[in-house]
4 protein chains.
Amino acid sequence: MGTKLKIAIVGSTGYGGVELIRLLASHPLAEVTSVTSSSSAGTPISQGFPHLTGIREELLDDVTPETIKAKADVVFLATPAGVASKLAPQLLEVGLKVIDLSGDYRLKSPGLYEEWYKKPAADERYLEQAVFGLAEVYGDNVRDAAFISNPGCYPTATLLGLVPAVKEGWIDPSTIIIDAKSGVSGAGRGVSLGYHYSEINENLKAYKLNKHQHVPEIEMVLSDAAGKPVVTTFSTHLVPMTRGIMSTMYATVLGDRSAQDFIELYRSYYEGRRFVRIRPEGELPSTKEVWGSNYCDIGFAVDKRTGRITIVSVIDNLVKGAAGQAIQNLNLMMGWDETLGLQFVPAYP
Amino acid sequence: MGTKLKIAIVGSTGYGGVELIRLLASHPLAEVTSVTSSSSAGTPISQGFPHLTGIREELLDDVTPETIKAKADVVFLATPAGVASKLAPQLLEVGLKVIDLSGDYRLKSPGLYEEWYKKPAADERYLEQAVFGLAEVYGDNVRDAAFISNPGCYPTATLLGLVPAVKEGWIDPSTIIIDAKSGVSGAGRGVSLGYHYSEINENLKAYKLNKHQHVPEIEMVLSDAAGKPVVTTFSTHLVPMTRGIMSTMYATVLGDRSAQDFIELYRSYYEGRRFVRIRPEGELPSTKEVWGSNYCDIGFAVDKRTGRITIVSVIDNLVKGAAGQAIQNLNLMMGWDETLGLQFVPAYP
Amino acid sequence: MGTKLKIAIVGSTGYGGVELIRLLASHPLAEVTSVTSSSSAGTPISQGFPHLTGIREELLDDVTPETIKAKADVVFLATPAGVASKLAPQLLEVGLKVIDLSGDYRLKSPGLYEEWYKKPAADERYLEQAVFGLAEVYGDNVRDAAFISNPGCYPTATLLGLVPAVKEGWIDPSTIIIDAKSGVSGAGRGVSLGYHYSEINENLKAYKLNKHQHVPEIEMVLSDAAGKPVVTTFSTHLVPMTRGIMSTMYATVLGDRSAQDFIELYRSYYEGRRFVRIRPEGELPSTKEVWGSNYCDIGFAVDKRTGRITIVSVIDNLVKGAAGQAIQNLNLMMGWDETLGLQFVPAYP
Amino acid sequence: MGTKLKIAIVGSTGYGGVELIRLLASHPLAEVTSVTSSSSAGTPISQGFPHLTGIREELLDDVTPETIKAKADVVFLATPAGVASKLAPQLLEVGLKVIDLSGDYRLKSPGLYEEWYKKPAADERYLEQAVFGLAEVYGDNVRDAAFISNPGCYPTATLLGLVPAVKEGWIDPSTIIIDAKSGVSGAGRGVSLGYHYSEINENLKAYKLNKHQHVPEIEMVLSDAAGKPVVTTFSTHLVPMTRGIMSTMYATVLGDRSAQDFIELYRSYYEGRRFVRIRPEGELPSTKEVWGSNYCDIGFAVDKRTGRITIVSVIDNLVKGAAGQAIQNLNLMMGWDETLGLQFVPAYP
């Protein structure tokens, strides 16, 4: 065990943090050596998460750069918005590598961050340094990076479903409409009436239409792929389930292309990338088919009557949408096979 | 009780049939005098539906026009596609009034029916006779009709959300995209792997993209409202809940109109119609807020960045999307207040 | 409307309060004239409960005896433990009739209340005055009472399933074990991690074994039925659903009696009481079969191998376990038919 | 890969079969070399289970001893009751080792099997040969066995919670009452109205009281532990969730023993067995805390008022209750560490 890469997790009392613990437990080359919490330092993590009984019984560490530096080589930040903007620079300064799962370093423009997140932005020098880790699109940038900003859950499902078509100019980017649906774990562990069981069960809600903080992140990447500014219509819905995101995406097809053409384009674009699975014609992925795994599954339907394509993309929001992709980025950063420790078969049913 | 209108229900062993029984139990001017089933005639309905124990204990009647005529004045057909096309004419011939909850008489073109339903269409004379009972849009046609074709669940939620804007020319009908989501009861009581609990729970599925048999019904009404042919993109999703439909609808706004403008337009269009509730600006309806009731709640968001409107419309698929609207049509047909027996408060939570 | 009995509801921002509003909306002889809230007075109730949009739009009243007295004849208290103990006497003093849905007046011994509820008990004079309204058991006491203490949800399901057998001496009361399971709405609308959606969904929890505050209430009635002190083993479980309670109860049968014997005993005991439905031999009730209704359904299995009976009793915790039984008590108190306004068919599915 | 133990799975189109595939995918010393199906031979398994897309794409093999023998060393039978009774002898005859997940070889008495399963029993010679693989109780018998009968899901949760106390004489075995609750995946993938989504969601059902086929299996082991015949009261309930079993067990405590005494007894009994986790006093396990893992978590409450203990034991029915324990038995059979390939952290939330 001594030769494994040492990992610290900050924010170990949220769902992103415990999912990192779950996934890293079977990583062959890395091990979690410190789990920290500013609010619960000194208590065992299994107290708040009894499913970790007998698995991780050590006490939660304090969140100070020195403590962490003494125990770890790489830090995952699974903290709410506004924490990493202050903490990441301190960790980088003491020589730690950092993978931030929050939104604090995804947008390169501080103004854009402040507009959508309603919080002070991070220091611009660090914003520039942070590599946006959408692994299948920007994976090459991740190699050898010291600071990675892990994409959001909605952007991951959405962008993996749109980038190849936008890049290739097969759809009109000005017509893109994204109807996204998420399980409730994406909202985290903080309690509020909006996530109270009796309010959510047997209920379907739409929320934050065109106002979700993931909008600028999606548009940033689509604009990059299109080579020109793209704005989109983006809706989010809360579905009565714990895990899973589905993005149903609509756009006008440019040229006379069939679903099969798109399937081949995407298979070619994602060749060699194990975690994106392009479904055969006539087959659409459902969220349970990726539950607990790092896969992103994508299906297509082209409607000749309207000239539009519908693209359906699904992920597990806590894995490919958070902890799993973060580990994938760790693998890429270290020059390892990106699938290390992530070759889980989805849990079905 | 003797002076109440006598109602027969055909197809009493499905969810539409028992929902009619539930709702009609508190109707002040109508009463169910015969529940029939071709497959289970002679057995008590509470055998298959123990929740009716002590409420309806009589035996299921046979489905013959004469038997029904002897017991009832009006017949509700809550049967699978392909049954009413044969049965309704026989019932009408013996002088019964008929409200058909299936899709057999919604499309006026036999060819269109056969293309989308993959079954032989009903006789054209009866297709012409059947009044399409989207109550808040075609209510005037329903009065004094002898034969009503009750709209589908998806079309009801969708059309109530689109018709005023299309009619008024406030949105471009060629840009309409409909992302619809439904609870599982819409699929009925017939068992299949696709509705097996372990396959549906904690899962979100897309299905029948642009192929759902409700597409032509939606386009028929939108074309009527627009005064020209309209084709739409229509997606359906299965949500892990029993009841509820949400249609999230997208279109390009014509002219410079705000969400508040749309709210006022819709409030004016639906004035005096108790079952459509237009939500105030900034508020979006969720499916649980209409659970068990005949309401259709509609909310709006206009995005200046893209020039598009997003309209969110929700119903209980078994009430406003089936049994409730059928009773509303009965009320209109009889010249009664349309809300009779339907003034249920949604069951929350 | 002017001649209807006027009802005020205190605690209108909880689930018990809105369920009273839902049920009373169709009561033929009573109407809600005031909904009050200490925390939200002055705001419309539909703000916190959008499902009431267009149904109840008036502002919430303040909770003062004078305000209430000016508007109502009878008050329902749907407040957390510890509120009614102070408020009920004030309301009674100004001449209002009171039906308390909380636990504050169920236990006649202040010491017992303080031991199990960990709060100061109500004044003993009022404890004596309050009639325990388990309608099918103590209904006669309710008639003409001015102050009724409505039973708890678990006790209602449990006691209706046990009282006839205990009273008749057909089971050994010292062997009674109660394994109760509840949907989450029983915990109310107050948020906490224990009722956070992602913690409850796809999860089954046991809690408060032998420590639930409903234990002494159950034992009070069983002791009364047995004519001697009874102590029981009582377990509670949280089931991932919103509504419904099931009590599975075990006891040793005295004498050689079959399930059919018990069925006949219970049918005889509950003769004329519409809301208790005794199931035929071999049939066990499920919670959905009473969803949204005031029924309590009971089934039996006797095991010759062990000499034990298993009794399964189900209710909707918000209806027969709270608001519905409170209205049933109102009906009894007023000398009306106990089923007035409560003849709902369960919502299935 | 060449040196790994080769595994065939029979019954790969059920939930037990795909769970074996999921778990074995990360086993360091074994690999699945053949997946078979009598009904779907010749089609890819990912056709029926799209979550296996890109993971297992080979065609399903036929179920013949020769075919299997050519590809595998050990066979897991994940087949419905009545299949293994015929198939296992054939597989053993050609020299394969067999682990049967069905109930066909658990009961040593053919008469008992036929009484509870209503099917012809297996050949008595093979019944004798099959080792009952309740790993933490009979693990020693498993070592070097060629034929293992894997315990049922309910018996596993129940027996791990009862055996130490019964063996030690700390509870009166004649007083044992077992109230068990299961998620729906335990019923398998075969469709029927009883497992139709709309019938199960938001519903809690009791079924097969004292008649479940797992009763004799439980009593067989309890009798062995007690050294005398034990009969029990055993109830089963269907909970609206996919995975998870909870057994809540009641018995009279012999002698003056506290919960802490039982905790220490169980910790001592299960010392060194990683998959049983005894919870500290005051803590009760919930099913989600073992979701997707091979753990069995057990908690205790002793009630001085009644002299009874309540024991709560939880497992994931598809892992510790089926595929996981089967792999644990494989590990024991091969003389490996029993945790190989099974060190999953539960998926939470």
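Conventions and cut-offs
- Residues numbered from 1 in each chain as written.
- Chains lettered and ligands numbered in written order.
- Predicted model: local features only at pLDDT ≥ 70, side-chain atom pairs only at ≥ 80, totals over all residues.
- Heavy atoms only, no water.
- Domains from an automatic or database assignment.
- Contact = heavy atoms within 4.5 Å.
- Buried area = accessible area lost by both parts, 1.4 Å probe.
- Salt bridge = Lys/Arg side-chain N within 4 Å of Asp/Glu carboxyl O.
- 1 Å grid on protein atoms, 1.4 Å probe; cavity = no way out; pocket = protein on both sides within 12 Å on 5 of 7 lines; lining within 4 Å.
- Points joined across faces, edges and corners; volume = space filled by probe spheres on them.
- Nonpolar A, V, L, I, M, F, W, Y, C, P; charged D, E, K, R; others polar.
- Pairing = 2+ DSSP bridges.
- Helix = DSSP H or I, 4+ residues; strand = E, 2+ residues; numbered from the N terminus.
- Axes fitted to C-alpha atoms, helices over the stretch in contact; angles between N-to-C directions.

With that settled, consider the domain arrangement of chain A. All names here are of chain A. The domain architecture assigned to chain A consists of domain 1 (5-129) and domain 2 (154-317). Taken over C-alpha atoms, the centre of domain 1 sits 27 Å from the centre of domain 2. Contacts between the two partners involve 12 residues from domain 1 and, on the opposite side, 14 residues from domain 2. Of the roughly 1100 Å² buried between domain 1 and domain 2, counting both surfaces, carbon and sulfur atoms make up 59%. Among the residues domain 1 hides against domain 2, the three largest losses belong to Tyr 15, Arg 106 and Trp 116. Together they make up 53% of the total. On the surface where domain 1 and domain 2 come into contact, there are two salt bridges. With a closest N to O distance of 2.9 Å, Glu 19 and Arg 243 form a salt bridge.

Evaluated as defined, the whole model comprises three cavities of 30 Å³ or more. By volume, the largest cavity is sized at about 100 Å³. Lining the largest cavity are 13 residues, and of these Arg 22 and Ala 347 of chain A together with Arg 22, Gly 292 and Ala 347 of chain D lie nearest its centre. Among the residues making up the lining of the largest cavity, the classes are represented as nine nonpolar, two polar and two charged. Put simply, the second largest cavity is a space of about 80 Å³. Around the second largest cavity, the lining comprises 13 residues; the ones closest to its centre are Asn 201 of chain A, Asn 201 of chain B, Asn 201 of chain C together with Tyr 197 and Asn 201 of chain D. Looking at the lining of the second largest cavity, its residues break down into eight nonpolar, four polar and one charged.

This next bit is on the interface of chain B and chain D. Chain B puts 19 residues into the contact, and the matching count from chain D is 19 residues. The junction of chain B with chain D conceals about 1700 Å² of combined surface from both sides, 54% of it contributed by carbon and sulfur atoms. On the chain B side of the contact with chain D, Val 191, His 196 and Tyr 197 of chain B bury the most area, a combined 39% of that side's loss. At the junction of chain B and chain D, the tally comes to two salt bridges.

Attention shifts here to the sheet that holds strand E5 (residues 131-132) of chain A. Residue and element names in this part refer to chain A. Judged by pairing direction, the sheet is parallel, and its six strands sit side by side in the order E2-E1-E3-E4-E6-E5 without closing on themselves. Each edge of the open sheet carries a strand with a single partner, namely strand E2 (30-36) and E5. As paired strands, strand E4 (residues 97-100) and strand E6 (residues 147-149) are joined by three bridges and run parallel to one another. Bridging across to E6, Ile 99 finds its partner in Ile 148. Along the sheet face, helix H1 (residues 15-24) touches strand E1 (5-10), E2 and strand E3 (74-77) and points at about 160° away from the line of E1. Contacting E1, E2, E3, E4 and E6, helix H12 (residues 319-333) runs over the sheet at an angle of about 150° to E4.

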